[in-house]
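Breakdown of the fold
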Amino acid sequence: MNLLSDSWNWLADSAHWAGDNGVWHRLAQHVTLTVVCLVISCLIALPVALVLGHLGKGGALAVNIANVGRAVPTFAVLVLLLLTPLGQYSEGPTVVALVLFAVPPLLTNAYVGMRGVDREVVRAARGMGMTGRQMLFRVEVPLALPMIMNGVRIAAVQLVATATIAAIAGGGGLGRIITAGFNLASTPQVVAGAVLVAVFALVVEALFELVERFGPGWLRGRRA
Amino acid sequence: MRLVNGGSGTSPPDDCLARNDWICGEYLSTRRHMLVDATVQHLEITVVAVAIAVVIAVPLALLARRWGWAAGPVLALTTVLYTIPSLAMFSLLLPVYGLSATLVIAGLVLYSLTLLVRNILAGLRSVPEDTRQAARGMGYGPIRLLLTVELPLALPAALAGLRIATVSAVSLVTVGAIVGYGGLGNLIYSGMNTYFKAQVLTASVLCVVIALVADVVLLAIGRLLTPWTRASRA
């Protein structure tokens, strides 16, 4: 059990938390990357999914994108982007790769949620004389929100995980502590970094769980 | 192989390797054994991991089905495991397994468990109570009921989970490159460090091809194993 205490000592050493390679800086990078990419992905995926869901078209497209997305290794995409001219910009490849991987779950869940809205309700709304825009924003989106939020949650957790892999390709974030540990052949640092990353991922998952349980009513939804 | 008409005259051996092209026939022919070795390692790790996951997942799902109270903890535990990023998972298992292929396999098993347990359980739960009672009425014992009625009916859902787990596993193997057992991921990793475009692209494409082929093969196996689903659709 020497390793456990060594890892604990690594975490307890305040020198490892400060500075450019310190835990706080890496955590901040990780959070920034995740949030920025989540926002970009939502801005891309949600309007498309809502419009397609409203029109009732493109279901096969959404499902296929999700399936292909699973088959493509994140790591491969990251390295491929790194070798393109995009690689000159420090976080460019990471952001593009992360957005590519967050879009499919957002798209699929939002689309499925929109299609899951009771057709009778939509027809009733139309019967009441609502325009397409009114139906979309007053009826369909509110009813589809639980599924949309579920997609956001999956995307967020996936982003946290993928941002870790970015470290193998020289990006920032918490994964960097692990890769640095490998380079130093310091197993305690590798384990300490892994614990930090795992805890961070679980915290993000827990935050979404809390929002779903206790958040404002419009955000809250039963999980499908 | 492509024919090159030497134009720019930068370096004497003017082939696609020297020019570091993305697509390079020269690379395919000269490094064939390397690609084959990496592909074999990739397949071995994936197949062993998914097979172990199936062997563990079936009893877990059956337990969760038999004792309702077990379902919550089993699902919660596997979901929590799924949340942990792959790089962290492989690193956390490092003290246990060292730098070995077993380490990557163990990580993949843990990931596949979530998808498999969830789907097998959903499949078992979708067996209609009427069907179960009819079988019991015909004198089926619990084991025979499970093997000849419940498990076959749970098969479509279980196979759907197996397909997702396999495709995800194929792409996750690449992360194993960090400990040197990433199959094609190893080639991507070394290609990244040497800026070797052809190697990175070839290995990446092979990964995707393996995933898609595995998906189609499992789909075909599923059709063969569950002829009744085809009959009802026709």
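Heads up: the structure comes first, above all this text.
Not measured: the values here are computed from a predicted model. (Residues numbered from 1 in each chain as written. Chains lettered and ligands numbered in written order. Predicted model: local features only at pLDDT ≥ 70, side-chain atom pairs only at ≥ 80, totals over all residues. Heavy atoms only, no water.)

Digging into the overall build of chain A
Scanning chain A for helices and strands turns up nine helices and zero strands. With respect to the principal axes defined by its C-alpha atoms, chain A has extents near 70 × 40 × 25 Å. A total of 224 residues make up chain A; the buried ones form 50% of that total. Contacts spanning at least 24 positions in sequence make up 70% of the contacts within chain A whose residues lie at least 6 apart. Summing over all exposed atoms, chain A offers an accessible surface of approximately 10,700 Å²; the carbon and sulfur share of this is 67%. Across chain A, the centroid of the 15 positively charged side chains sits 14 Å from that of the 10 negatively charged ones. (Helix = DSSP H or I, 4+ residues; strand = E, 2+ residues; numbered from the N terminus. Buried < 20%, exposed > 50% of the residue type's maximum accessible area, 1.4 Å probe, protein only. Contact = heavy atoms within 4.5 Å. Areas by Shrake-Rupley, 256 points an atom, 1.4 Å probe, with all protein chains shown as cover. Lys, Arg positive; Asp, Glu negative; His and termini not counted. Charge placed at Lys NZ, Arg CZ, Asp CG, Glu CD.)

Examining the interface of chain A and chain B
Size of an interface: often given as the accessible area lost when the parts come together. Taken together, the contact between chain A and chain B spans 32 residues of the former and 37 residues of the latter. Both sides together, the interface formed by chain A and chain B hides about 2,900 Å², and carbon and sulfur atoms give 85% of it. Remark: the boundary between chain A and chain B carries zero salt bridges. The tally of links between chain A and chain B comes to one residue pair in polar contact (both at pLDDT 80 or more). Residue assignment for the side of chain A that touches chain B shows that the elements contributing at least two residues are α3 (59-71), α4 (74-83), α7 (132-165), α8 (175-183) and α9 (187-214) of chain A. The leading source of residues in the side of chain A that touches chain B is α9(A), at 10 residues. (Buried area = accessible area lost by both parts, 1.4 Å probe. Salt bridge = Lys/Arg side-chain N within 4 Å of Asp/Glu carboxyl O. Polar contact = N/O pair within 3.5 Å; in protein donor to acceptor, adjacent residues only side chain to side chain.)

Here we look at the side chain of A:Ser41
Residues and elements named next belong to chain A. You can see Ser-41 is positioned in helix α2 (residues 23-55). Side-chain polar atoms of Ser-41 contact the backbone oxygen of Cys-37, separated by 2.5 Å. Not counting the four nearest positions on each side in its chain, Ser-41 is found in contact with Leu-46, Val-99, Ala-102, Val-103 and Leu-106.

Let's talk about a nonpolar patch on the surface
Residue and element names in this part refer to chain A. A surface patch of nonpolar side chains, amounting to about 560 Å² of accessible area, comprises Val-195, Val-199, Val-203, Leu-207, Leu-210 and Phe-214. Within the secondary structure, Val-195 is located in helix α9. On the accessibility criterion, Val-195 (32% relative accessible area) is partly exposed. (Patch = residues over 30% accessible without salt bridge, like charges linked within 9 Å, V, L, I, M, F, W, Y side chains within 5 Å.)

A short note on the packing of α4(A) against helix α10 (residues 184-194) of chain B
Orientation of α4(A) relative to α10(B), taken along the N-to-C sense of each, is 25°, at an axis distance of 10 Å. When the interaxial angle is binned, α4(A) and α10(B) end up roughly parallel. Every pair of crossing elements has a handedness; the one defined by α4(A) and α10(B) is left-handed. Within the contact between the two elements, α4(A) uses A:Phe75, A:Ala76, A:Val79, A:Leu82 and A:Leu83 and α10(B) uses B:Gly185, B:Ile188, B:Tyr189, B:Gly191 and B:Met192. Among the residues forming the contact of α4(A) with α10(B), the class breakdown is eight nonpolar, two polar and no charged. (Axes fitted to C-alpha atoms, helices over the stretch in contact; angles between N-to-C directions. Parallel < 35°, antiparallel > 145°, perpendicular 65-115°, else oblique. Left-handed = near helix turned anticlockwise from the far one by under 90°. Nonpolar A, V, L, I, M, F, W, Y, C, P; charged D, E, K, R; others polar.)

Focus on the nonpolar core
The nonpolar side chains of soluble globular proteins are, as a tendency, buried together. Membership of the largest hydrophobic core comes to 129 residues, with the highest contact counts inside it found for A:Ile178 and B:Leu108. Ranked by residues supplied to this core, first place goes to α7(A) with 15 residues. The residues touching A:Ile178, leaving out its near neighbours within four places in the chain, are A:Val190, A:Gly193, A:Ala194, A:Val197, B:Leu87, B:Ala88 and B:Ser91. (Core = buried A, V, L, I, M, F, W, Y, C linked by side-chain atoms within 4.5 Å.)

Description of the pattern of salt bridges
Where charged atoms from two side chains of opposite charge approach closely, those side chains can pair. Taken as a whole and judged by the stated rule, the model has nine salt bridges over all chains. The salt bridge partner of A:Glu205 is A:Arg153, with a shortest N-O separation of 2.8 Å. In this pair, A:Glu205 is assigned in helix α9 and A:Arg153 in helix α7, connecting sequence segments 52 residues apart. Among the residues examined, A:Glu205 registers a relative accessible area of 17% and is labelled buried. Given a relative accessible area of 3%, A:Arg153 falls into the buried group. Linking B:Arg163 and B:Asp215 is a salt bridge whose minimum nitrogen-to-oxygen distance equals 2.9 Å.

Some points on the packing of helix α4 (residues 68-83) of chain B against helix α7 (residues 101-125) of chain B
Residues and elements named next belong to chain B. Contact pair α4 / α7: the axes reach a minimum separation of 7 Å and the direction vectors enclose 145°. In the crossing of α4 with α7, the sense of the turn from one axis to the other is left-handed. Residues Ala-71, Val-74, Leu-75, Thr-78, Thr-79, Leu-81 and Tyr-82 of α4 form the contact with α7, whose own contacting residues are Leu-110, Tyr-111, Leu-113, Thr-114, Leu-115, Val-117, Arg-118, Leu-121 and Arg-125. Taken together, the residues of the contact of α4 with α7 sort by class into 11 nonpolar, three polar and two charged.

Comments concerning unusual backbone geometry
Residues and elements named next belong to chain B. You will see that Asn-20, though not glycine, has its phi angle at about 55°, which is positive. Of note, Asn-20 is situated in the loop between α1 (16-19) and α2 (25-30). Of note in this structure, Tyr-195 is not a glycine but carries a positive phi near 60°. With respect to the secondary-structure elements, Tyr-195 resides in the loop between α10 and α11 (197-225). On the basis of relative accessibility, which here comes to 41%, the residue Tyr-195 falls in the partly exposed class.

Describing the packing of aromatic side chains
When we look at a pair of aromatic rings, we describe it by the centre distance and by the angle of the planes. Applying the stated criterion to the full structure yields four aromatic pairs over all chains. Note on A:Phe75 and B:Tyr189: the rings are 6.2 Å apart at their centroids and 50° apart in plane angle, and the pair reads as tilted. Taken as a pair, A:Phe75 in helix α4 and B:Tyr189 in helix α10 lie in two separate chains rather than in one. Judged by its relative accessible area of 1%, A:Phe75 is buried. On the basis of an interplanar angle of 80° and a centroid distance of 6.0 Å, the ring pair of B:Tyr82 and B:Tyr111 is categorised as edge-to-face. Of this pair, B:Tyr82 sits in helix α4 while B:Tyr111 sits in helix α7, and the two are 29 residues apart along the sequence. A cation over a ring is seen here: B:Arg144 above B:Tyr140, with NZ or CZ 4.0 Å from the ring centre. (Phe/Tyr/Trp six-rings, centres within 6.5 Å; stacked < 30°, edge-to-face > 60°. Lys NZ or Arg CZ within 6 Å of the ring centre and 35° of its normal.)

What to know about the side chain of B:Thr114
Residue and element names in this part refer to chain B. With respect to the helices and strands, Thr-114 occurs in helix α7. Classification of Thr-114 as buried rests on a relative accessible area of 5%. Residues contacting Thr-114, with those up to four places away along its chain left out, are Thr-78, Thr-79 and Tyr-82.

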